[in-house]
Amino acid sequence: MHGDHAPETAAPGPGRRLFALLLVNAVLAQVVTFVLRPAATYRAIELDVPSGWLGALTALFAVVPLVLAVPSGQATDRFSERRVMIAGGVLMTASAVVLLLAGSTTAGLAAGIIVLGTGHLLCVVGQQAAVANSAPDGRFDTAFGHYTFAASLGQAAGPGLIILAGGGRAVPDTGLLFAGSIGIGLVLTLSALFIRTPARPPGSREQEAGGMRTLVRLPGLPRALLVSCVVLAAVDITLVYLPALGTDRDLSAGFIGLLLTLRAVASMTSRFFLGKLVTLLDRRRLMVVTTVLSALSMAALALPLPPAALACLVVFLGLGLGVGQPLTMAWLASSTPPGLRGRAMSLRLTGNRLGQVVLPSAVGALAITTGAAGVLCATAAALGAAAALAGRRTAETAGTS
């Protein structure tokens, strides 16, 4: 799935100013997402939406982006990362407005989640293409590790706001969370206005002519995309079904927010040290080890354990889930010419969005009979299957890598 990786010796990725702005943009985009998605779940619970439908609401985040992912990558390669990120920020702000004004109905919730998913897609395609086109050769693992570290920082800060708004109540003040996200979205859009990426090499325009044909011929691409989409879908499921598990077990919204924050902080840790981890193990073995760790931790969360044990398991889960995304980004960036990197990242996101539609919808059906614990067990099984697939690839190529 992933090639072995030589030790990195060059200076870190993008220039300091550009990299700092990209990190700010990445943090803010994830803050908005990781406030609005759990808040929408809590609003759905307030509206007495059946638990089986929570999986469908989760899938809506990915439905329209599934169709738009590849066109967004083409737009990024053609019009610049900056313009795509600005459009994404505008849509994410609009999603918060929709949820605030129309989120008292199921249709309003669905519309807000769809707009949020579309805006998030544009933001991350632009961000990832900017990192790929700015990082020097040999530093992709470190650059994407730091980029996804920033994303995890936003994912930790978002649930932190839920803790503030929720306190000891089972359901936080969702209206307050929707309103606060509007302000954060405006700052997100403003930050994108100041991002200027380096000009691409002259040859990259000619490289665009090969388009998607060049990308789909990359060896190991289907395996990489499959593992990536399962890992990301697992992150999504924790966002939705940890709150549902909390309501099943009478855990406070503040404690669930703490669990979501711990998961994100653990992911930040593994991502920050990704370059060193890849040098130590190589990309393939690291993917197998971390996916197995995620599967075991997810399965154990379904057990009736005390809060302290749940917190420890969430840390292990975050350490494992944090690695899959930057590894596939780095592999695609190192395997793709500059003029196609926007499309490469969008192709990865297409696979991710497909997983975000299919897996939550499938496990959501289980929630009707098994509750949130059954959903976590099913997700653990999917992670185990992904690890087995990655491991088989490792065994096949161990002698030649």
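Look a little higher up for the structure.
Residues numbered from 1 in each chain as written. Predicted model: local features only at pLDDT ≥ 70, side-chain atom pairs only at ≥ 80, totals over all residues. Heavy atoms only, no water.

(A) Inspection of the packing of aromatic side chains at higher detail. Applying the stated rule across the entire model yields three aromatic pairs. Measuring from ring centre to ring centre gives 6.5 Å for Phe144 and Tyr147, while their planes differ by 85°; the resulting arrangement is edge-to-face. Residue Phe144 and its partner Tyr147 are both found in helix α5 (residues 140–166); the two are separated by three residues, about one turn of the helix. Just as Phe144 is buried, Tyr147 falls in that class too. An aromatic cluster of three or more residues is present, and its members are Phe149, Phe272 and Phe273. Taking NZ or CZ as reference, Arg37 lies 3.9 Å from the ring centre of Phe61, over its face. (Phe/Tyr/Trp six-rings, centres within 6.5 Å; stacked < 30°, edge-to-face > 60°. Helix = DSSP H or I, 4+ residues; strand = E, 2+ residues; numbered from the N terminus. Buried < 20%, exposed > 50% of the residue type's maximum accessible area, 1.4 Å probe, protein only. Lys NZ or Arg CZ within 6 Å of the ring centre and 35° of its normal.)

(B) Up close: the pattern of salt bridges. Scanning the model with the defined rule gives five salt bridges in all. Residue Asp141 pairs with Arg283 through a salt bridge whose shortest N-O separation is 2.8 Å. Of this pair, Asp141 sits in helix α5 while Arg283 sits in helix α12 (residues 283–301), and the two are 142 residues apart along the sequence. Across the pair, exposure class does not vary: Asp141 and Arg283 are buried alike. (Salt bridge = Lys/Arg side-chain N within 4 Å of Asp/Glu carboxyl O.)

(C) Looking closely at the nonpolar core. With 114 residues, the main nonpolar core has Phe144, Tyr241 and Leu383 as its most contacted residues. When residues of this core are assigned to their parent elements, the largest contribution, 17 residues, is made by helix α9 (residues 221–248). (Core = buried A, V, L, I, M, F, W, Y, C linked by side-chain atoms within 4.5 Å.)

(D) Representation of α9 within the structure. In this model α9 runs 39 Å from its N-terminal to its C-terminal C-alpha over 28 residues, within 8% of the 40 Å that 1.5 Å per residue would give. Where burial is concerned, most of α9 is hidden: 23 out of the 28 residues are buried. Positioned one or two residues after α9, Asp250 has a phi angle of 60°, which is positive. (Expected span 1.5 Å × (residues − 1).)

(E) Fine view of empty space enclosed by the protein. A complete count under the given rule lists two cavities of 30 Å³ or more for this structure. Considered as a void within the structure, the largest cavity measures approximately 310 Å³ in volume. For the largest cavity, the lining is made up of 28 residues, of which Gln30, His120, Gln155, Leu232 and Gln325 are closest to its centre. Among the elements that make up the lining of the largest cavity, the one with the highest residue count is helix α14 (residues 341–397) (five residues). Looking at the lining of the largest cavity, its residues break down into 11 nonpolar, 11 polar and six charged. Considered as a void within the structure, the second largest cavity measures approximately 90 Å³ in volume. Lining the second largest cavity are Arg37, Ala40, Thr41, Leu54, Leu57, Thr58, Ile113 and Val240. Of all elements in the fold, only α1 (16–46) and α2 (51–79) reach the threshold of two or more residues within the lining of the second largest cavity. Tallied by class, residues from the lining of the second largest cavity come to five nonpolar, two polar and one charged. (1 Å grid on protein atoms, 1.4 Å probe; cavity = no way out; pocket = protein on both sides within 12 Å on 5 of 7 lines; lining within 4 Å. Points joined across faces, edges and corners; volume = space filled by probe spheres on them. Nonpolar A, V, L, I, M, F, W, Y, C, P; charged D, E, K, R; others polar.)

(F) Focus on the packing of α5 against helix α10 (residues 253–272). It is the contact of α5 with α10, at a shortest axis distance of 8 Å, that shows an interaxial angle of 170°. When the axis of α5 is compared with that of α10, the two are roughly antiparallel. Contacts from Gly145, His146, Thr148, Phe149, Ala151, Ser152, Leu153, Gln155, Ala156, Pro159, Gly160 and Ile163 of α5 reach α10 at Gly254, Gly257, Leu258, Leu260, Thr261, Arg263, Ala264, Val265, Ser267, Met268, Arg271 and Phe272. Classifying every residue of the contact of α5 with α10 by side-chain character gives 12 nonpolar, 10 polar and two charged. (Axes fitted to C-alpha atoms, helices over the stretch in contact; angles between N-to-C directions. Parallel < 35°, antiparallel > 145°, perpendicular 65-115°, else oblique. Contact = heavy atoms within 4.5 Å.)

(G) Representation of a nonpolar patch on the surface. Together, Val97, Leu100 and Leu101 give the surface a local cluster of nonpolar side chains, amounting to about 260 Å² of exposed area. Of note, Leu101 is situated in helix α3 (residues 81–102). (Patch = residues over 30% accessible without salt bridge, like charges linked within 9 Å, V, L, I, M, F, W, Y side chains within 5 Å. Areas by Shrake-Rupley, 256 points an atom, 1.4 Å probe, with all protein chains shown as cover.)

(H) Geometry of unusual backbone geometry. The backbone of Asp250 shows a phi angle near 60°, a positive value even though the residue is not glycine. Here Asp282, not a glycine, exhibits a phi torsion of approximately 90°, which is positive. For Asp282, the position within the fold is in the loop between α11 (274–281) and α12. Among the residues examined, Asp282 registers a relative accessible area of 5% and is labelled buried.

(I) A look at the packing of α12 against helix α13 (residues 307–335). For the pair α12 and α13, the least separation of the axes is 8 Å and the interaxial angle reads 150°. Classed by the angle they form, the pair α12 and α13 counts as roughly antiparallel. Viewed along their axes, α12 and α13 form a crossing whose handedness is left-handed. Of the residues that constitute the contact of α12 with α13, the class distribution is 17 nonpolar, seven polar and one charged. (Left-handed = near helix turned anticlockwise from the far one by under 90°.)

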